[in-house]
Amino acid sequence: MQPLYTVTQIRQIETESARRLSEGALMQRAGQASANAALDLLPFATSRASVLVLAGPGNNGGDALEAAAHLAHAGAQVAVVYFEGGSAPERARAVERAHASPARFVAEDAIAGVEWHLVIDGLFGIGLTRPITGPFAALVAALNALTCPILALDVPSGLDADTGCIVGPAGCAVRATHTLTFIGDKPGLHTCDGRDHAGTVNVAHLDIDAAHYPAATIHLNGVDGFAQAAVARPQNSHKGSYGIVSVLGGAPGMTGAPILAGRAALHAGAGRVFLCFAGPALQCDPGQPELMCRAAHGFDFATGVTVAGPGLGGSDEAAHLLEQAIASPQPLVVDADGLNLVAARSGLAARLRGRKAATLLTPHPLEAARLLATSIGAIQRDRLDSARRLAAALHAIVVLKGTGTVIAAPGGAIVINPTGNPALATAGTGDVLAGLCGALLAQGWPGWEAALGAVWLHGMAADVLVADGIGPVGLTAGELVPAIRTALNRLVARHGRRA
Ligand SMILES: NC(=O)C1=CN([C@@H]2O[C@H](COP(=O)(O)OP(=O)(O)OC[C@H]3O[C@@H](n4cnc5c(N)ncnc54)[C@H](O)[C@@H]3O)[C@@H](O)[C@H]2O)[C@@H](O)CC1
Ligand SMILES: Nc1ncnc2c1ncn2[C@@H]1O[C@H](COP(=O)(O)OP(=O)(O)O)[C@@H](O)[C@H]1O
Ligand SMILES: [K+]
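Predicted model, so just to flag it, every value in this text is computed and none were measured. (Residues numbered from 1 in each chain as written. Chains lettered and ligands numbered in written order. Predicted model: local features only at pLDDT ≥ 70, side-chain atom pairs only at ≥ 80, totals over all residues.)

Student: Could you clarify how one ought to interpret the overall build of the protein chain in this entry?
Tutor: Summing up its helical and strand segments, the protein chain has 16 helices and 20 strands in all. The C-alpha radius of gyration of the protein chain comes to 26 Å, within 12% of the 23 Å expected for a compact globule of 499 residues. On the principal axes, the C-alpha backbone points of the protein chain span a range of 80 × 45 × 40 Å. In the protein chain, which comprises 499 residues, the share counted as buried stands at 52%. Long-range pairs, those at least 24 residues apart, make up 75% of the contacts in the protein chain with a sequence separation of at least 6. (Helix = DSSP H or I, 4+ residues; strand = E, 2+ residues; numbered from the N terminus. Rg over C-alpha atoms; globule rule 2.2 N^0.38 Å. Buried ≥ 20, exposed ≤ 12 C-beta atoms within 10 Å, placed from the backbone. Contact = placed C-beta atoms within 7 Å.)

Student: Any chance you could explain the environment of Leu321 here in plain terms?
Tutor: Inspection of the secondary structure puts Leu321 in helix H8 (residues 316–327). A residue is classified by how many C-beta atoms lie within 10 Å of it, and Leu321, with 27 of them, is buried. Residues contacting Leu321, with those up to four places away along its chain left out, are Leu248, Ala278 and Ala296.

Student: Even after reading the chapter, I still don't get the environment of Lys356, so can you show me in this structure?
Tutor: Examined against the element boundaries, Lys356 turns out to sit in the loop between helix H10 (346–353) and strand E16 (359–361). By the C-beta count within 10 Å, which is 7 here, Lys356 ends up exposed. Here the alpha-carbon distance between Lys356 and Ala427, two residues 71 residues apart in the chain, equals 32 Å.

Student: Explain the site of ligand 1 here, please?
Tutor: If you check the shell around ligand 1, you find 27 residues, and the closest are Gly58, Asn59, Asn60, Gly125 and Gly127. Classifying every residue of the shell around ligand 1 by side-chain character gives 13 nonpolar, ten polar and four charged. (Near = placed C-beta within 6 Å. Nonpolar A, V, L, I, M, F, W, Y, C, P; charged D, E, K, R; others polar.)

Student: Would you take a moment to explain the sheet that holds strand E4 (residues 104–105) for this structure?
Tutor: Two pairing modes exist for strands in a sheet, parallel and antiparallel, and in both the strands are linked by backbone hydrogen bonds. Strands sit in the order E4-E3-E2-E5-E6-E7-E8 across an open sheet of seven strands; the sheet is parallel. Across the chains shown, the open sheet's two edge strands, defined by having one partner strand only, are E4 and strand E8 (200–204). Of the pairings in the sheet, the one linking strand E3 (residues 77–82) to E4 comprises two bridges and is parallel in character. Across the sheet, Ala79 pairs through a bridge with Arg104, a residue of E4. (Pairing = 2+ DSSP bridges.)

Student: Before we go on, may I ask you to explain the sheet that holds strand E18 (residues 406–408) in this structure?
Tutor: The strand order across the open sheet built from eleven strands is E1-E9-E19-E18-E17-E16-E15-E14-E11-E12-E13, with neighbouring strands paired in mixed fashion. Because the sheet does not close on itself, it has two edges, and the strands there are strand E1 (2–4) and strand E13 (292–295). Direction aside, neighbouring strands of the sheet carry axes that sit 20 degrees apart on average. In this sheet, strand E14 (residues 305–308) lies alongside strand E11 (residues 244–249) in parallel orientation, the contact comprising four bridges. Counterpart to Val247 in the pairing with E14 is Val307. Across the sheet, helix H15 (residues 447–467) is in contact with E16, strand E17 (397–400), E18 and strand E19 (414–416); its angle to E17 comes to roughly 15 degrees. (Axes fitted to C-alpha atoms, helices over the stretch in contact; angles between N-to-C directions.)

Student: How do you make sense of the UniProt feature "domain: YjeF C-terminal" (unreviewed entry) in the protein chain when you look at a structure like this?
Tutor: Here, UniProt's "domain: YjeF C-terminal" (unreviewed entry) annotation points to residues 222–491. The span residues 222–491 carries 43% helix and 14% strand; its end-to-end C-alpha distance comes to 12 Å. (UniProt positions renumbered as here; feature names shortened; annotations may be inferred.)

Student: Honestly, the packing of helix H7 (residues 256–267) against helix H16 (residues 477–495) in this entry has me stumped. Any pointers?
Tutor: Any two packed helices are characterised by how steeply their axes cross, that is the angle between the axes, and by the distance between the axes. Contact geometry for H7 and H16: axes closest at 9 Å, N-to-C directions at 15 degrees. Relative to H16, the element H7 is oriented roughly parallel. Note on packing geometry: the crossing formed by H7 with H16 is right-handed. Facing H7, whose interface residues are Leu260, Arg263, Ala264 and His267, H16 presents Ala477, Gly478, Val481, Pro482, Ile484 and Arg485. (Parallel < 35°, antiparallel > 145°, perpendicular 65-115°, else oblique. Left-handed = near helix turned anticlockwise from the far one by under 90°.)

Student: Honestly, the site of ligand 2 in this entry has me stumped. Any pointers?
Tutor: As a matter of local geometry, ligand 2 sits amid 18 residues, with Lys401, Pro422, Leu424, Ala425 and Gly430 nearest to it. Per-element accounting of the shell around ligand 2 gives the leading share, four residues, to helix H14 (residues 429–442). Across the shell around ligand 2, the residue classes break down as six nonpolar, ten polar and two charged.

Student: Sorry if this is basic, but what is going on with the pairing of strand E5 (residues 118–122) here?
Tutor: Remember that side chains alternate between the two faces of the sheet whenever the strand is regular. Of all five residues that make up E5, five are buried, and the element is covered over most of its length. Residue alternation in E5 divides its side chains into two sets, Leu118, Ile120 and Gly122 and Val119 and Asp121, and both sets are buried. Pairing of strand E2 (residues 50–55) with E5 involves five bridges; the strand directions are parallel. Following the sheet pairing, Val53 is matched in E5 by Ile120. As paired strands, E5 and strand E6 (residues 150–153) are joined by three bridges and run parallel to one another.

Student: Is there a simple way to think about the UniProt feature "binding site: AMP" (unreviewed entry) in the protein chain in this case?
Tutor: As annotated in UniProt, the feature "binding site: AMP" (unreviewed entry) corresponds to Lys401, Gly402, Thr403, Gly404, Thr405 and Gly430 in the numbering used here. Taken together, the annotated residues stretch across 30 residues yet fold into one region, lying no more than 14.4 Å apart by C-alpha. Here Thr405 shows up in the loop between E17 and E18. A count of 28 C-beta atoms within 10 Å places Thr405 in the buried class. Beyond its immediate sequence surroundings of up to four residues, Thr405 is in contact with Val399, Leu400, Asn417, Gly420 and Val455. With respect to the helices, strands and loops of the structure, Gly430 is situated in helix H14. Gly430 gets classed as buried once you count the C-beta atoms within 10 Å, which come to 25. Residue contacts for Gly430: discarding those within four places in its chain leaves Asp335, Ala336, Thr362, His364 and Lys401.

Student: When you look at the domain arrangement of the protein chain in this model, what are you seeing that I'm missing?
Tutor: Reports often express the size of an interface as the amount of accessible area lost when the parts come together. Examined at the domain level, the protein chain breaks down into domain 1 (2–218) and domain 2 (223–498). Inter-centroid distance (C-alpha atoms) of domain 1 to domain 2 is 39 Å. The interface is formed by twelve residues belonging to domain 1 together with 13 residues belonging to domain 2. Considered class by class, the residues forming the side of domain 1 that touches domain 2 number five nonpolar, six polar and one charged. (Domains from an automatic or database assignment.)

Student: When you look at unusual backbone geometry in this model, what are you seeing that I'm missing?
Tutor: For residues that are not glycine, phi is negative in most cases, and the peptide bond is trans in most cases. The residue after Gly168, namely Pro169, is reached through a cis peptide bond having omega 5 degrees. Following the sequence through the fold, Pro169 ends up in the loop between E6 and strand E7 (178–182). Here Gly471 and Pro472 are connected by a cis peptide whose omega angle stands at 15 degrees. With respect to the helices, strands and loops of the structure, Pro472 is situated in the loop between H15 and H16. In the Ramachandran plot, Cys192 falls in the positive-phi region, its phi being about 55 degrees despite a non-glycine side chain. Look at Cys192 and you get buried, because 26 C-beta atoms sit within 10 Å. Of note, the phi angle at Ala373 is positive, near 50 degrees, even though the residue is not glycine. Locating Ala373 in the fold gives a position in the loop between helix H11 (365–371) and helix H12 (376–381).

If you want it as structure tokens, here you go:
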């Protein structure tokens, strides 16, 4: 999995490696890499391309000036909007090089009325310390109104590279189509506002020796993080080989949620799936008669994996049933109303913390806010920290949903998921995810791999459907289910080890 580094870590890597390099080497490498990335984005002969370069007051501006000089020497029509600022010697040399090149230095008002083929955003990088306001904000608004590609250097200006939030209050950020990020990839490019502002992310390592990189605790989710848990099915196997998933939910009037979770569990390979209704039990699901419908009252949750919460409601009876599911020595997924019950009743949280088997919690930001007794805004201001705190507090693997889903382990490991898209912003997709988690656990996947695999497959299924025109508008949660089955079968065919 691709490592992600915090700003503090990047600064340390930069300091350590710079000690062993000639002064300014990193900025020159960053500038060269930026110019190469820019050339790749130009639509036709370099000499006919109009490139606008914004060079801010810090070293991010230095990178942009280096790039401007390279592009101008390569023959592009380069205009630089330049801001006086920092006195770093390498930046001063970048200013000289840009002045000595054919690039033109222009005033901000020269941006209007030109058909730019590419904009390079070197206004601010990881040194942004306060919200972008005033004339800089007007400039960001002007850039965001352009239709040409925008290449952000290191970080889209205005975005917090650690959290993925626009630095606020009342700040703004460049909406880039591409980001070339330096030294290492950064979490904020992949979650919260990050995906909308960074566009396609590439990393320029600037030839820094691997020895200068610390062990990463944050990664981008990828197949290598969980594929080792996939097992090819032996011929000599039967339904008992693939586990049981019991979905606990379905308070009166809320039968759809457990049905979606159960159908997902079935299509993701669970050997047997029970729907356990807290309210009046359905006789069967006529659309999916393979699901076995039971009353939750009196059901033995110790026989398999439980997915507790879809449409469970908040009654005392629901809490009692959840307590029984938590007491099971088998793996457990808690979602939706299950999480709301844990937030509302401290006794349930204490029991959850005491569990020995794998426990996965799948909150969306509001459910996470309830669990941490805070607001959605506070959760979203630092999604990584919120997920990490929840995992530590409840001794469970936490899947904090939403764009750039954050998966956190109680030990502190964090993974951000890159698959998925806004087609998933529709009712019931969370129930499908919970069922998928349950199915992987029932087939013997360890908790951490099950969480990573489920979130990745769920997002990938949505990405494939959107590529086929089924979404982003109007995808239904039920349509995800067969697409997840296909994605999982491809994964098993490619990576499944022999049992
Ligand atoms: N120092 C080095 O050797 C290297 C630096 N690199 C580049 O340097 C960047 C970091 O450089 P800096 O630390 O100089 O920081 P930045 O260039 O990101 O920005 C800092 C400057 O912006 C000003 N500033 C911050 N917030 C502002 C706001 N809201 N409104 C107006 N001004 C504001 C600060 O006073 C300072 O002058 C990285 O993102 C990367 O692009 C890379 O080239 C790698 C090598
Ligand atoms: N804009 C988005 N981009 C990517 N994934 C999204 C987006 N919106 C929602 N999702 C995903 O869709 C699912 C929604 O889950 P949830 O909010 O619990 O829905 P429900 O309760 O209706 O089932 C989560 O997996 C979430 O990460
Ligand atoms: K930038």
